[in-house]
Structure formats: structure tokens, C-alpha cells
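Residue-level listing of the chains:
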Amino acid sequence: MRDSGSPMLRVLAFALAVACGVAADWWLFSRQRQDFAAAGLGINTTANEASYYAGGRQVICSSIEDLDHCLRALPPSSSRKRLLWLGWSQLYAINDYHAGDRTGPALLAERLAGADVDLIAIAMPNINPREELLVYEYLRPRLKLAGVVVPAWLQGMKQEGIRPTWQAALADPAVRSALAALPSGSAILGSVAPQAKSAQETGQQNLAKDTRTTQERVEQRLVAELAERFAPWRVRSQAQGEIKLALLAGKEQVLRLRNLILGTRMANWINVIPPVRYGINLEAFTDLVSAARRDGLPVLVYVPPRPKGRRFPFEPTVYATFKSDSERIARAHGASFANIEDAVADEVWGEADNGAGEIVTDYSHFTAAGHRQMADALAGALTATILPQMQ
Amino acid sequence: MIFNSFTYVFFLAGVTLLYWLLPRRPRHLFLFAASITFYGFWRFDYVLIMLASAFTDFFAAINIHAAKAPAKRRLWLALSLAVNFGLLFYFKYATFIVGNVNGLAHLLGREDLLKTWSVVLPVGISFYTFQTVSYTVDVYRGRIEPIREPLLYGLFVTYFVHLVAGPILRAVEVIPQLDRRKPFDPEFLASGLWLILNGLFLKCVLADNIGGYVDEGFGANTATLSATDVWVLAVLFGFQIYFDFAAYSQIAIGSARLMGVIFPPNFYFPYVATSPRDFWRRWHISLSSWIRDYLYLPLCGVRPHDESRGGLVPVGDQVGAARRNIALIATWFIMGLWHGAGWTFALWGLWHALLILVQRVIASLGLLRRHTRLRGALGWAATFPAIMLGWVFFRAQSLEQAWAMVEKVMQPASYVRLDRLQSGYIWSALPIGIDPVGYLLAALLPVATLLAYVVYRDLWPRLAQRPALVLPVALAYGTAVAGLVFIYLQPIRQFIYFQF
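Analysis parameters
- Residues numbered from 1 in each chain as written.
- Chains lettered and ligands numbered in written order.
- Predicted model: local features only at pLDDT ≥ 70, side-chain atom pairs only at ≥ 80, totals over all residues.
- Helix = DSSP H or I, 4+ residues; strand = E, 2+ residues; numbered from the N terminus.
- Buried ≥ 20, exposed ≤ 12 C-beta atoms within 10 Å, placed from the backbone.
- Contact = placed C-beta atoms within 7 Å.
- Axes fitted to C-alpha atoms, helices over the stretch in contact; angles between N-to-C directions.
- Parallel < 35°, antiparallel > 145°, perpendicular 65-115°, else oblique.
- Left-handed = near helix turned anticlockwise from the far one by under 90°.
- Nonpolar A, V, L, I, M, F, W, Y, C, P; charged D, E, K, R; others polar.
- Core = buried A, V, L, I, M, F, W, Y, C linked by C-beta atoms within 7 Å.
- Domains from an automatic or database assignment.
- Pairing = 2+ DSSP bridges.
- pLDDT = per-residue confidence, 0-100.

A. Structural detail: the overall build of chain A. The secondary structure content of chain A amounts to 15 helices and 12 strands. The 391 residues of chain A split such that 44% are buried. Pairs at least 24 apart in sequence give 81% of the contacts found in chain A among residues at least 6 apart.

Structure below.
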């Protein structure tokens, strides 16, 4: 605001603008609780917590806060093995959900329980390999893992960043030092400033060797205090998510305009994965497999189900390269590899809006029947590969 | 301490309040202590390096002034320059030179000739070194009297608002304002607060969000990028560094204003420049003015100016073309290396020297003299991409990467993937190797900048004459900006210029 009007009026205008800005954030984002997990799901596809359970135990978790629910319910580990399954919304979203429907991880967990294996699935929307690596490094010392299942999912290679619900994991010194030793780890550490979950956690960190600057320590304490005492603060991450979704919606409108101008339809549209991001994610994927193998864990890399008779919006050569890259990386590190891409029948896939006003086959989500088929296929793959090694 | 943090918001509020409450003497001491604390939030041990640099000049300036014999004056000046540039050389350039010597030895099939080591670069060393050197040189030139009060002088160097990333100001511009506090005027608060809010918006909302695309693109395998990707990355980085550094300058200028200290502007819409020289009158004005007065004009043998305003100036026919050109190239080579110890920075500097040389040639042709608007439009159309391409050298992680990216731009085949046209997928034939959102941003940002310039230059002054409209517009703008700053304010990444 360039010099104009009375100074006192401008000071008041400033104070009022700041107050209005914070109040507007509070008003806009505290009421409008967008379910980010469901935001990217297809038509009539939903996430239902009731379908996450096996034998009264929650099998699927998505964030650090949520993790307690999964970990608390685990039986004592002395006589049992813990198997970690990493994945995205395919693991928890069900198309055309009916009460009593179960997800693939819940069904698989029931089967494995008899073999003294406790399955825990960490799944979040559009998970990327960097996040998978972070989740693995965070869980490894906490869970005494016996095996890991990693999807070779092409859409994940398009994603980037560490979502706020997992950034607190980077405040753990053990996670930081484990990541720092990996080729992709320093980029992950550099991409996000470590955030303390609470003042208590900040205190706990200080007990460990503290390499933070005074600025970082003071800032973390201040942020923790603000989070506890200032209600509008708590809408910040919600607001960031909502704005991102709004921008994505705006981007879709631009794509529609492009399609209108170019006459583009699903028949000639493909999902482009920037090679840059592909390279970055492939490095993290490699680090995940090699880290788990170095920790002595059997690893199963699997190609997840996809609709085979319908349109799959990736360039075939890119998809083929990705599958062979995944298999090569798995074999190079002594991990197992299984391809279950044809495991789910075409009729059980859901539908989605492609963002340009067209209804197309959802290439990621399916009905409860599809979840049963996926669980069957993965159970077979596990039995043939890493389950005996875990035993 | 970094500006884009809640720590700084609270720190600044406390310091400003006490500044206005305290009388003169304790006020100087308090502000000096606050400045040391500000720097110490990063590393307290490096405060000593800064003070060593500052007080060498304090004593050197007094002795230069007291000395009658020119030889003695030169000796004190040399001592000051040796200490300041010695520290700068050790921390910033020594490992670079050792690396180059060893690299040359490897080329000749020899082992390392010199031992390598690692050292942490003191934050802001390039800025406070230039500031203290300008003070000593000004005393040597007889432009100013030396300061006798160590506390006041220490405050001039360490004053936290411009300590780590400028603006690079002259003693004559800052010391009188710090020494004799003006009576409190609500105008200080009014202008300072709005500048800080704007700066935080530029940094937290714009620069940091663009930075993600830039980091990803420049961190990639260059072979996977197309020519259009390189252009997009260049434009995105150009805007990231502009928003980032302009943000720092606005917060610095705004913070100083809260204490009644007026700093000159450091940026003025650089991307609307119609020539390379015009760009340097709008970009990092305090640095280009410093370079003008302490390097370029002395090399040309022309009398320098006395203030950190104006940026680069033409010396015209006062000196011969050969001397002018050599001075220009030497100046820009040093300017490049000032930004960072690497050949990529030196190349960036030389690129700008080349642009100015080309501008001189074109200007000498006297084309379109009567068509001012057309000349301006064509000038902008040529200057904007040229400046943006230069950022590739600046941001590239190595010379190899910079060459590879510039090579792409020169290859017509790199603008479209013809092999993909036959695949039936239109989208894949478009040469996009980075996130499509980056493309959208790169297209929108120049347009938005031109619009903002028109609003600032033409629309706002007219609006300001109608007070009934000013308040609602300011409130709407402030609410939107403050709301976004509140959501995004967090020290995700430091200001880019911290590393210089």
C-alpha cells in the first residue's frame, strides 16, 4: 500500500486486514472439513474405516497420528512376524461400498494371522516412493518388521513431496540419520523443515544430540505453543490442502479448455509423468528396496492390479519400462517380484471423472469383489515368495 | 534469524517497541545487542568474524583520516582491504581455488597439489564486507569523516535489518539516521508494516511455492529436458529469485522504517526492463550502485557517485571504448564471482557483460529513435528472455549442466518430440519433461508482472487521490495477502541470497 491517506488510518487498515485475514482463514477452513483421503477417489468410491479391520484390529493406517491405532492393537511380537504393506488408495477405497464389505488388506490380514503374521498396511492417497521410504524408516525401529511389500505403481512416480501428516517423522533423529545415509535421503531431508508435533516432542528431541540452530529450536517451540494456544493456527494445514485442491480444480478447467481447443479425448490423452520426477522417485524406490534388504528383511515388489481390457491412461512404452525397471531393481537387491496386474476382473472396476467432463474407467479403484481378488492374488504371491523366508 | 519465521515477527515487535522507549545511549547499545542476537541465532561463534571485519575498518578509517602522508594513508587502506578481502577470500573462495588447482593437476595426470578442507560460509559475509569496505574507501577518498563512536559504528555494520542480505548501504545514508532518532511518526509504522506484509507474501506464498518446481527441474537429469523445459525452468527460477530477494529487501526496508530509518528501494520491477542496463537500474540497486562506485567507475577513471541509488550508469564518451569495455567485462566477472564461488556465477556475470556490450552496439545504430513505444516493446521482448536465459548459469549446479541446458535451447529439434507425434498421443508429443503446472506458471508470471507494474505505476496513484476508495481496496488486498501469509508463513527455505 503506497503512501496515501492518513498514516494512522493505514496502520489501522493494516491491523484490520491482518485480523480479517486470519479470521477469514478460520471461517473458511475450520468449517469446511474436506476429506482429503476421499477427494481423489472416483465416482461412488469411498473410504470406510469399518472396512479396515481384521479380527477387531485396525489394519490400515494413513498418518503418524493414525498409526497409534494400528500399533496398539498388534499382539505381542515375540512369537509373531510383522509384515508391512505400503500402498495408496487402492488398498482402502471401495467402489459401490456396502456395509460389511472389507478391504484387501483386511482380508489378507485375516489369512496371514493363521500363519503368525500380523499385516499392517500404511496407505495414503497417491503415495510416492519418497514417502514410502520415510514411512519405512520411521516404522522399522518401532515395529520390528519381518517383511515388506512394496507396490510398483506408475501413478505414484508422478507424485512429489512429503505430505504434512508425515513430516513430523523427519523430526526423529534416527530417521534423519538413516535417510542421510541414502542417495535420495538428503533431498528428502532438504525438502521439508523438521516440525515438532508438540512441545513435549520438542523436549524429547532436545535429549538427543541437538544439531539445530537457535533459530530452529526457538521456532519449533513457538510453533508448538501457537498450535496449542491459538485456535486459528490449527487450520493452517487444512487450508494448505484446500488451496491445493482448489488449484488442482483450476488446473482441470485449463485442461478442459485445452481439450476443447485441441479436440483431445480420452482416446488420445495420456497421463504424462515428467521424466525428472520419474528419476527422483525411482531413486527413492531403489533406496527403499535396498534399505529393507540391507536390514535383512525379505521384500516383495509387486505390480498392482489394473483394468486390462479398458483404457489405461499411461503410454504403453513408459508403463513397460517402469515394470522392467521395478523388476530389475528388485532382482538386483535380492528382493522378490510378482506381477498381479491382471488379478482383478474388468467388471469390478469403478468409474471416475477424468477432470475434463468425461466418465471413464477408474484405473485405481474397484468394488469389494475386486478387493477379494487382489487379496487372493497377493496371498498367492506372498506364499510363493517371501512368506517362507519370514517363517 | 530469518525473516520468514514467527521468531522474527515476535523479535521485531519487541525490538521496535523498546527502540522507541529507550533514550539515545542505551538505545544504541540495545540495538547493537539485538543485532548480535539476530546473527547469533544462526551461529554465535561467527559473530566474532563479523566484528573483526567491522572494527578493522573502524580503526583503519580513523588512522587514514589522521595520517598526513599519502603513503601512510594507503598503508592503512591496504590493511583494511587485506583483512576484509582476506576473510572473504578464506571463507568463500579458497576452497574454490584449491578445487580448481587440483582439477588442473588431474587434467595433467597429477595427484592433488593442495589439501582440501571444508568451511562454513559466514552468513552475509559478502554484504557486510562490501559495506565496511565502502566506509573505509569513502574516508580515504575524503567523502566522509570517520566515526569516533565504536558502538555507533558497530551498529552501522551489524544493524540486523540489512545485515545478512543487504541492501548494501553507505555509512552516510545509515549512521546519521541511527545516531539521531527522528521523533515517532505513525507514518513509519504505516509504511513499514505494509512493506513487511508484502515481503512475506512474496517470499512465503510466491517464491517458496515456485521453488519446488525449480528444485525439481534443476535437480533432474538434463538429458530428459526439452528446450521448452529449459526456458520454463529459467523463467521460473528468474521469478523465484526475484520474489525471494525482493521479499527480503522489502522486509528489511519495512523493518528499518518501523524504527524511522529510511532505506532506498532495492528493486523496481526489474522484469519490465527494456534493456540490460535498464535491468540493472531496477535489480539489486544497492549492489549495482556499489559496483558502479567502487569498481566500474574507478576502473574507467571516472569520478564515482556517493549513494546506493541509481544502479549502473553509462560513462559515455568520457573514456575510450577499449578501457570502457575492459572495465565492463572485469566488473561483471567480479560481480558474478561475488554471487558465488563457482564458474557458473562467473559465466552469469560475463553473460550480462555481453548483453550490455550488445546493447551498446545496437544503441549506436540509432534505430527507431522516434518510435519510443515500439523501441520499448522490442527492447523488452529481447531483454526479458536474455535475462531469463542468464539465470540458467546462475542456478545450474555445474558448468556441465549449464552448458547442457543452454545447448538444448540452441537445438531446434529439442523443442518438439517428433517421434511421439506418430504414437497418437498428442499430449506426449508436447516436449514437457517437467510438471505442466510449471508451464502454466511460467506463462502467467510475466503477464502478472506487467499487470502489476501498470497497476502500481498508473492505477494506484489515481486511486490514491480518492480516499473513499483507498480504504476498501487496501482492506481487501490486505485481508487476502495476510490470510495467505498466515497459512504459508514457515521457514521452509532460506532466502537465496543468504548464501552469497
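B. Seen up close, the packing of helix α4 (residues 104–113) of chain A against helix α14 (residues 368–384) of chain A. Residues and elements named next belong to chain A. α14 packs onto α4 with a crossing angle of 45° between their chain directions and a minimal axis gap of 8 Å. Between α4 and α14, the crossing angle belongs to the class labelled oblique. The hand of the α4/α14 crossing is right-handed. Across from Gly-104, Leu-107, Leu-108 and Arg-111 in α4, the residues of α14 making contact are His-371, Arg-372, Met-374, Ala-375, Leu-378 and Ala-379. A class-by-class count of the residues in the contact of α4 with α14 yields six nonpolar, two polar and two charged.

C. The nonpolar core, seen in detail. All names here are of chain B. One finds Leu-236 and Val-485 to be the most contacted residues of the largest nonpolar core, which totals 245 residues. Take this core: its biggest share by element is 22 residues, from helix α9 (residues 227–258). Here this core spans two domains, since at least three of its residues come from each of domain 1 (6–183) and domain 2 (188–455). With near-sequence residues (within four places) excluded, Leu-236 lies in contact with Ile-210, Tyr-213, Val-214, Gly-438, Leu-441 and Ala-442.

D. Structural view of the pairing of strand β7 (residues 117–123) of chain A. Residue and element names in this part refer to chain A. The buried count for β7 comes to seven of seven residues, which makes it a mostly enclosed element. Both faces of β7 are covered, namely the face carrying Val-117, Leu-119, Ala-121 and Ala-123 and the face carrying Asp-118, Ile-120 and Ile-122. For strand β4 (residues 60–61) and β7, the ladder comprises two bridges, and the chain directions are parallel. Its bridge partner being in β7, Cys-61 is matched across the sheet by Ile-122. Bridging between strand β5 (residues 81–87) and β7 involves seven bridges; their strand directions are parallel. Across the sheet, the residue bridging to Lys-81 is Val-117, located in β7.

E. View of the confidence of the model for chain B. The predicted model of chain B has a mean per-residue pLDDT of 86, with 94% of residues at 70 or higher. Two numbers describe this predicted complex: its pTM, 0.76, and its ipTM, 0.78.

F. Focus on the domain arrangement of chain B. Residues and elements named next belong to chain B. Taken as a whole, chain B is organised into domain 1 (6–183) and domain 2 (188–455). Distance from the C-alpha centre of domain 1 to the C-alpha centre of domain 2: 27 Å. Contact with domain 1, which involves 25 residues of that partner, is made by 22 residues of domain 2. Here the residues of the side of domain 1 that touches domain 2 are counted per class, giving 13 nonpolar, six polar and six charged.

G. Focus on the confidence of the model for chain A. With 85% of its residues at a pLDDT of at least 70, chain A reaches an overall mean of 83. Confidence over residues 193–209 of chain A falls short of pLDDT 50; this stretch has 27 contacts with residues more than four positions distant or in other chains.

H. Molecular detail of the sheet that holds strand β8 (residues 147–151) of chain A. Residue and element names in this part refer to chain A. If you walk across this open sheet you meet the six strands as β4-β7-β5-β8-β9-β10, and the pairing is parallel. Whereas interior strands pair on both sides, the edge strands pair on one side only; in this sheet they are β4 and β10 (336–339). Sheet topology places β8 next to strand β9 (residues 299–303); four bridges connect them, and they run parallel. When the sheet's bridge partners are listed, Pro-151 is paired in β9 with Tyr-302. Together, β4, β5 and β7 form the strand contacts of α4, whose direction differs from that of β7 by roughly 165°.

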